[in-house]
Amino acid sequence: MSYSAQLLPTGGLHPVLQLTLNAPPSACPLYLHLDLPPSFIPDRFQLAQLHSEGRLGAPSTSAASLVVEGSRDLEGPSKGAEASGVLLRLREGGDAKGKGKEVLQETFELPLHLRYQPPVPRRWNEQGERVDSVRVELGWPTVFWACEEGEAPPAPPPCPLSALPSSFSLPLSSFTSLHFLSPSNLANTLTSSCPPTLPPPLALPVPTGVIADLPLVESVNVLAIWLGMMWIGWTAFKAWSKDCKGGKMKRE
Amino acid sequence: MRLSVALLLAALLRFVLILWSFHQDSTSSIKYTDVDYTVFSDAARCLVRPSSSPDCTLATGPLASLPFFSKLGDPYARDTYRYTPLLAILTAPNTLLHPAFGKVLFSLADLLVGVLLHSLVRRRGVSSSKATLYVASIWLLNPIIANISTRGSAESVLGVFVVSVLALAERGRWNAAAVAFGLAVHFKIFPIIYGSSLLAAIGARKGGWITSAHIKFGLISFASFMALNGIMYGFWGEPFLEHTFLYHIHRLDHRHNFSPYFYSFYLSTSSNLPSVPWSSFIRHPLAAFIPQLGLSIALGFAFGAKDLAFAWLVQTLTFVTFNKVCTSQYFLWYLWFLPPVLPNLHITGRRGIVLIAAWVLSQALWLSQAFQLEMLAQPVYLRVWAAGVVFFGVNCWVIVEIVRGYRSADDQGVVEARVREEGKASAEGSRIGRAKAE
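Small disclaimer: the values here were computed from a predicted structure and weren't measured. (Residues numbered from 1 in each chain as written. Chains lettered and ligands numbered in written order. Predicted model: local features only at pLDDT ≥ 70, side-chain atom pairs only at ≥ 80, totals over all residues. Heavy atoms only, no water.)

Visitor: When you look at the overall build of chain A in this model, what are you seeing that I'm missing?
Guide: Helix and strand content of chain A: 2 helices and 13 strands. Its C-alpha radius of gyration of 27 Å places chain A more than 25% over the 18 Å reference for a compact globule of 252 residues. In terms of principal-axis extent, the alpha carbons of chain A reach across some 100 × 55 × 30 Å. Taken over 252 residues, chain A has a buried fraction of 49%. Intrachain contacts of chain A at a sequence separation of at least 6 include 76% that bridge at least 24 residues. (Helix = DSSP H or I, 4+ residues; strand = E, 2+ residues; numbered from the N terminus. Rg over C-alpha atoms; globule rule 2.2 N^0.38 Å. Buried < 20%, exposed > 50% of the residue type's maximum accessible area, 1.4 Å probe, protein only. Contact = heavy atoms within 4.5 Å.)

As structure tokens, this is what we get:
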């Protein structure tokens, strides 16, 4: 019983968090919780659409089926942005036996988006290495069963609701205990810590702008805009003048 | 080809694309439908069924507190909805009837624009079949146009309003044109630039610059614009003003787009910026407006009296080219003026091909760099910006060539008269020369 997570390398500024789950069915629903630093944007509308279509987790009418908390800014740069969090129901509960022996492997892909990162001062450092790409980290998601009173609990030991490491208040009050899965590097270990120790954060390189480019960019922009304006303006003026002369000739 | 046939084929094309959109959206991770359509639909849902989602809220305008409107929702509860509530109202049937209603509406708007353009081209003395050829090739059967509408972009609705103003103005129906003009500017702000050319056109027909006709047109269009604003503000209050108008005036799009401004906006989000001369002026949000608006409006005064369609073509091309943000959707804003202007554009085939090739290739250059940035996360911001500067330069060249290549019907008459005069003078000179020789 474990799970693994990785950021797929193919997304560019739109990374995908891939979660691979190895866990048996249970009477309790299975959840994913993810805290996102300000560098990331969870598009709540995109996630809601995927979730409602059954392409991301197990939709239900419950308020705790998909929750996206935190920043509502879908466009702004990383500077000044707020953190956010995602709570996603991966599986419905309902296995009456509770401790099914069959381990199900499933894969989930959670689309994310990156904000533009704060620009760096220079493109090259003193050693001649490029530094216009920064490393952005994303903490591992937490995966857990959330059980109500009387439901047959899964194998991992119970933890209180307060054990969930979240910066936001989540609608889990109807549950009485959380049973955390272990990340794959702690596989086959029914950890007693609440929550279990997570691996080092996931990371990916993200390109940034270079502040040293600004004088060139602004100067060229001003030159291009004003030269373009004069070129078009002069051509239009000549055409207009010719039209005025043509009108005069026509009258003559 | 007859117009009815072109319309039928255009309708069929859009019908097939809408059906395809159902398939692609449900089976592929890459959606056919544009994100903006989802925004309209969500906003419309919040408008008509505010209780359907915890993210939706009720309208907050002064009129919304009246008992009859107590359940009216707020489309601005939807993040990134930055349009008039009119658009949410038009797409309300997405929630009440079927999610594809908006796409059907936008496709019908495409067809209506085609009909209006055909009548505009015919008024220029072009035969019906040739007019159909122009309109069909540039608009009705253009796969890019059909793709944009069936993906759920609402630009063709704006096209109906704008081309209607043009059609009414060319028929001399100035009151109706003024009402439609107010509606167009309410729907999207930029058609305000056509005000200068409309004033010039009125002046050419009525004589003078500040006549009762000018004042009447200004008052009616202003009243139309403010009536709509008043109604919308009455129901939706401050969010309406903020998202429909103020946001677009102050926006600084820092994410990459065709405009070369994006990179300076992005870098300006840092503190401790290096300064260049006149930094505070260059970096002011309004600095981009001066060349853009100044030139667009001046072009309207220069050419509006002669040919409104041509004036609006070059005004819009200029506006889009010099805009702080530029995306592919904006190209539609001038494309619908091409059919009525084509009969008067005298650009050689070779030069036309070179211009089109340059325009397409400069876009391809930008797209190649933007792909590396967005999809491969390569640090190529400077190259994307440079490609944007190249695209800007090519667009300026296209505008210059269109202005140079334009010949109004009057111009063509003058040129012919000059040729005849020169021919007569030459014949007279030859006759005198022969007489002397004899």
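Visitor: I tried to follow the packing of helix α10 (residues 194-206) of chain B against helix α14 (residues 289-303) of chain B on my own but got confused; where do I start?
Guide: Packed helices, taken two at a time, are described by their axes: the angle between them and the distance between them. All names here are of chain B. Where α10 contacts α14, the axes come no closer than 7 Å and their chain directions differ by 15 degrees. Classed by the angle they form, the pair α10 and α14 counts as roughly parallel. Viewed along their axes, α10 and α14 form a crossing whose handedness is right-handed. Between α10, through S196, S197, L199 and A200, and α14, the contact on the second element is made entirely by S296, I297, G300 and F301. Along the lines of polarity and charge, the residues of the contact of α10 with α14 split into 4 nonpolar, 4 polar and no charged. (Axes fitted to C-alpha atoms, helices over the stretch in contact; angles between N-to-C directions. Parallel < 35°, antiparallel > 145°, perpendicular 65-115°, else oblique. Left-handed = near helix turned anticlockwise from the far one by under 90°. Nonpolar A, V, L, I, M, F, W, Y, C, P; charged D, E, K, R; others polar.)

Visitor: So what exactly am I meant to see when it comes to the packing of aromatic side chains here?
Guide: Two aromatic rings, taken as a pair, are described by how far apart their centres are and by the angle between their planes. Residues and elements named next belong to chain B. Here the structure, examined in full by the defined rule, presents 45 aromatic pairs over all chains. Aromatic pair Y194 and F337: ring centres 5.9 Å apart, planes at 90 degrees, arrangement edge-to-face. Residue Y194 is located in helix α10, and its partner F337 is located in the loop between α16 (332-335) and α17 (338-341); the two are separated by 143 residues in the primary sequence. What makes Y194 buried here is its relative accessible area of 1%. Relative accessible area serves as the criterion here: at 0%, F337 is assigned to the buried category. A centroid spacing of 6.1 Å and a plane angle of 50 degrees characterise the contact between F331 and F391, whose relative ring orientation is tilted. Here F331 is found in the loop between α15 (308-321) and α16, whereas its partner F391 is found in helix α19 (residues 381-405), with 60 residues between them in sequence. Residue class for F331 comes out buried when judged on its relative accessible area of 8%. Judged by its relative accessible area of 3%, F391 is buried. Among the aromatic residues, those joined into a ring-pair cluster are W139, F190, Y194, W312, F319, Y330, W333, W336 and F337. (Phe/Tyr/Trp six-rings, centres within 6.5 Å; stacked < 30°, edge-to-face > 60°.)

Visitor: It is not clear to me how the nonpolar core should be interpreted in this structure. Could you clarify?
Guide: Within soluble globular proteins, side chains that are nonpolar generally end up buried alongside one another. Residue and element names in this part refer to chain B. One finds W312 and W336 to be the most contacted residues of the largest nonpolar core, which totals 171 residues. Broken down by element, the residue count for this core peaks at 14 residues, all from α19. Ignoring anything within four residues of it in the chain, the contact list for W312 reads V162, V165, L166, Y194, S197, L198 and F337. (Core = buried A, V, L, I, M, F, W, Y, C linked by side-chain atoms within 4.5 Å.)

Visitor: I tried to follow the sheet that holds strand β6 (residues 84-91) of chain A on my own but got confused; where do I start?
Guide: Strand pairs in the sheet, formed through backbone hydrogen bonds, run parallel or antiparallel to each other. Residues and elements named next belong to chain A. Within the open sheet, the 5 strands sit side by side as β5-β6-β3-β10-β11. Their pairing is antiparallel. One side of each edge strand has no neighbouring strand; the edge strands of this open sheet are β5 (66-70) and β11 (177-180). Going across the sheet, the axis of each strand differs from the next one's by a mean of 25 degrees, ignoring polarity. Note that strand β10 (residues 142-147) and β11 share 4 bridges and pair antiparallel. Across the sheet, residue F144 finds its bridge partner in β11, namely F180. In the packing of helix α1 (residues 44-52) onto the sheet, contacts are made with β5 and β6, and the angle to β5 comes to roughly 175 degrees. (Pairing = 2+ DSSP bridges.)

Visitor: Quick question: what am I supposed to make of the domain arrangement of chain A here?
Guide: Many structure descriptions define interface size as the accessible area lost when the parts assemble. Under the domain assignment, chain A is made up of domain 1 (2-207) and domain 2 (211-251). The centre of domain 1 of chain A, based on its C-alpha atoms, is set 54 Å off from the matching centre of domain 2 of chain A. (Domains from an automatic or database assignment.)

Visitor: Help me understand the interface of chain B and chain A in this model?
Guide: Every contact between the two is made by 63 residues of chain B and, on the other side, 57 residues of chain A. Summed over the three residues of chain B that lose the most area to chain A, namely D79, R255 and P379 of chain B, the buried surface amounts to 11% of that side. The interface formed by chain B and chain A holds 4 salt bridges in total. A salt bridge links K31 of chain B to E53 of chain A, with the shortest nitrogen-to-oxygen separation between them at 3.5 Å. Taken together, the connections running from chain B to chain A amount to 19 residue pairs in polar contact (both at pLDDT 80 or more). Put simply, the parts of the chain that give the side of chain B that touches chain A at least two residues each are α1 (3-27), α2 (35-48), α12 (261-267), α14, α18 (349-374), α19 and α20 (409-437) of chain B. The element that contributes the greatest number of residues to the side of chain B that touches chain A is α19 of chain B, accounting for 12 residues. (Buried area = accessible area lost by both parts, 1.4 Å probe. Salt bridge = Lys/Arg side-chain N within 4 Å of Asp/Glu carboxyl O. Polar contact = N/O pair within 3.5 Å; in protein donor to acceptor, adjacent residues only side chain to side chain.)

Visitor: Where do I start with the state of the cysteines in this structure?
Guide: In a disulfide, the sulfur atoms of two cysteines are held together by a covalent bond. Under the defined criterion, the tally for this structure stands at 2 disulfides over all chains. Residue pairing for C28 of chain A: its cysteine sulfur links by disulfide to C147 of chain A, the two sulfurs lying 2.0 Å apart. One disulfide, between C28 of chain A and C147 of chain A, carries an S-S torsion of 115 degrees and so falls in the right-handed class. Of the two residues, C28 of chain A is situated in the loop between β2 (16-23) and β3 (30-36) and C147 of chain A in strand β10; the sequence distance between them amounts to 119 residues. The exposure class of C147 of chain A is buried, given its relative accessible area of 1%. Put simply, C46 of chain B and C56 of chain B are joined by a disulfide, and their sulfur atoms are 2.0 Å apart. Linking C46 of chain B and C56 of chain B, the disulfide has an S-S dihedral of approximately -70 degrees and is accordingly described as left-handed. Here C56 of chain B lies in the loop between α2 and α3 (85-90) and C46 of chain B lies in helix α2, a separation of 10 residues in the sequence. Looking at the unpaired C326 of chain B, the closest cysteine sulfur is the one in C396 of chain B, lying at 12 Å. The class for C326 of chain B is buried, based on a relative accessible area of 5%. With relative accessibility at 1%, the residue C396 of chain B sits in the buried group. (Disulfide = S-S within 2.5 Å.)

Visitor: Teacher, can you tell me more about the confidence of the model for chain B here?
Guide: It should be kept in mind that the predicted coordinates are not to be read in detail where pLDDT is low. Residues and elements named next belong to chain B. Confidence in the prediction of chain B, expressed as mean pLDDT, is 90, and 93% of residues score 70 or more. When the elements of chain B are averaged for pLDDT, α20 gives the smallest value, 59, and α19 the largest, 97. Across the whole predicted complex the pTM is 0.88, and at the interface the ipTM reaches 0.89. (pLDDT = per-residue confidence, 0-100.)

Visitor: Explanation requested: the sheet that holds strand β12 (residues 182-183) of chain A in the structure shown.
Guide: Residues and elements named next belong to chain A. Spatially, the 4 strands line up as an open sheet ordered β7-β2-β1-β12, and their pairing is mixed. Edge strands, defined here as strands with exactly one partner in the open sheet, are β7 (104-111) and β12. Relative to β12, strand β1 (residues 2-8) runs parallel, the two being bridged by 2 bridges. Paired with S2 across the bridge in β12 is S182.

Visitor: Help me understand a nonpolar patch on the surface in this model?
Guide: Residues and elements named next belong to chain B. On the surface, M1, V5, L9, L12, F15, V16, L19 and F22 cluster together into a nonpolar patch covering about 740 Å² of accessible area. The topology assignment puts V5 in helix α1. The partly exposed category is assigned to V5, whose relative accessible area is 39%. (Patch = residues over 30% accessible without salt bridge, like charges linked within 9 Å, V, L, I, M, F, W, Y side chains within 5 Å. Areas by Shrake-Rupley, 256 points an atom, 1.4 Å probe, with all protein chains shown as cover.)

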